[in-house]
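# Structural features, examined
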Amino acid sequence: MIRAIYPGSFDPVTYGHYDIICRSCKIVDELIVGVLNNKAKMPLFSVEERVKMLKEVTKDLGNVKVVPFDGLLVEFARQQKARLVIRGLRAITDFEYELQIAQTNSKLSNGMLDTVFLTTSLEYAYLSSSSVKEIASFHGDISQCVPDFVAKLVYEKYKDNSNDRLIKSDKYGGVL
């Protein structure tokens, strides 16, 4: 049985992520979507919210499981009994970064963890969670980037924070 992990922050999940998930679950027996709790970042959504979004997005994919994790990917892979990592590549600049991480993970796992790179479908090559958040923060249209229910949740997050941003803007003379 081939069990793979597709790790990421998924803050929020995009159509690009969904594309990689759909394509990956066709080539492995079980795909674990690992939702990273990165303590070095301040995500828009909590880990619990991101897991819930991903479970909704993948509910029709029978061999996909969504699991939160923190710490090293190699440790998470060992716990999940997975020997394969799936990563999506949008551009050549992604490759340089991802190759270094793949080599590090291989070394840390004593060669027990391999990485497979899938190139992003052309229609999603421009897409990132960061760009979705930036567009939404300026009340732009993200309907082509994320599922409708995710778009609604993203807009709600920015609506909830709008008063805070206005206060900060007034107090400091610019949006922080």
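The model shown is predicted, which means the values in this text are computed figures rather than measured ones. Numbers given to residues run from 1 along each chain, matching the order in which its sequence is written. Residue-level local features of this predicted model are given only where pLDDT is at least 70; pairs of side-chain atoms are given and counted only at 80 or more, and the full residue set underlies all totals for whole chains, interfaces and linings. Note: side-chain values were computed over all heavy atoms of the structure, leaving out hydrogens and water.

### Some words on the pairing of strand 5 (residues 114–119)
This is how the line gets drawn: One requirement defines pairing of two strands: DSSP has to find at least two bridges between them. Only DSSP runs of H or I with at least four residues qualify as helices, and only runs of E with at least two residues qualify as strands; both kinds are numbered from the N terminus onward. Viewed with both strands pointing away, a crossover whose connecting path from the first strand over the helix to the second turns clockwise is right-handed.
Sheet topology note: the strand 4 (residues 84–89)/strand 5 ladder contains six bridges and is parallel. The partner of Leu-84 across the bridge, within strand 5, is Asp-114. Viewed along the sheet, the connection from strand 4 through helix 4 (residues 92–108) into strand 5 turns out right-handed.

### Here's the deal with the sheet that holds strand 1 (residues 3–8)
The condition is simple: Fitting a line to C-alpha atoms yields each axis, with helices limited to the stretch in contact; the angle taken between N-to-C directions then spans 0 to 180 degrees. Contacts were defined at the residue level, with two residues in contact if any of their heavy atoms lie within 4.5 Å.
The parallel open sheet is built from five strands, whose spatial order is 3-2-1-4-5. Edge positions in the open sheet fall to strand 3 (64–69) and strand 5, since each of these has one partner strand only. Here the strands of the sheet are splayed against their neighbours by 30 degrees on average, with no regard to which way each runs. Contacting strand 1, strand 2 (30–36), strand 3, strand 4 and strand 5, helix 1 (residues 15–25) crosses the sheet at an angle of about 120 degrees to strand 5. Against the sheet, helix 2 (residues 47–57) engages strand 2 and strand 3, with an angle of about 150 degrees to strand 2.

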